[in-house]
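# Structure assessment
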Amino acid sequence: MPAPSQDALKEIFNLYDEELDGKIDGTQIGDVARAAGLKPTQAMVVKASGQEFKRKGEKRITFEEWLPIYEQLSKEKEQGTYADFFEGLKVFDKEESGKILVAELRHILLALGERLSADEADELLKGIEDGEGMVKYDDFIKKVLAGPFPDSD
């Protein structure tokens, strides 16, 4: 996928400008980069922006301040492959059935690595549980890697 033009990036940036002042909240730096097609972790966003914004309203940044952060993030290598995630979740598949408990997967999402909020975990897990409270982790990984808008390509 080719990188968006500067005009397209400005348009995406402006979608997040809730106060219509030509700026976004510092907490949205990663969200805007993700909307522009990148997949940075929160740690990558903090590193590229030089600081972490924890509270909304802490600092607002202009497009001109955001663009170098985006460019830095676009140079980062992709995070995690299908095989990486598969091997990681296979550890929890004691019966080697290709499935793990949805409760266990939820715990993993909430407690390990770059932790998700309960709402984010629930959104990811929506509709993937079978009648026995299990998740085929192969399907889960494919869903996650497809992103939030899998049919938009």
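Preceding this section is the structure that the text describes.
We now turn to the structure provided with this report. As the structure is a computational prediction, the values presented were derived from the model and not from experiment.

Take the pattern of salt bridges next. Enumeration over the complete set of coordinates arrives at 10 salt bridges. Salt-bridge contacts for Glu-19 lead to Arg-60; the nearest nitrogen and oxygen are separated by 3.7 Å. With a gap of 41 residues between them, Glu-19 in the loop between helix H1 (6-15) and strand S1 (23-25) and Arg-60 in strand S2 (residues 60-62) connect regions that are remote in the sequence. Of the residues examined, Glu-19 reaches a relative accessible area of 54% and is grouped as exposed. Look at Arg-60 and you get buried, because its relative accessible area is 18%. Residue Asp-138 pairs with Lys-142 through a salt bridge whose shortest N-O separation is 3.2 Å. Separated by four residues within a single helix, Asp-138 and Lys-142 lie in helix H8 (residues 137-146), roughly one turn from each other. Look at Asp-138 and you get partly exposed, because its relative accessible area is 23%. On the basis of relative accessible area, Lys-142 is assigned to the partly exposed category, the value being 48%. By sharing partners, the salt bridges in this structure join Asp-17, Glu-19, Asp-21 and Arg-60 into a single network.

Criteria and cut-off values
Residues numbered from 1 in each chain as written. Predicted model: local features only at pLDDT ≥ 70, side-chain atom pairs only at ≥ 80, totals over all residues. Heavy atoms only, no water. Salt bridge = Lys/Arg side-chain N within 4 Å of Asp/Glu carboxyl O. Helix = DSSP H or I, 4+ residues; strand = E, 2+ residues; numbered from the N terminus. Buried < 20%, exposed > 50% of the residue type's maximum accessible area, 1.4 Å probe, protein only.

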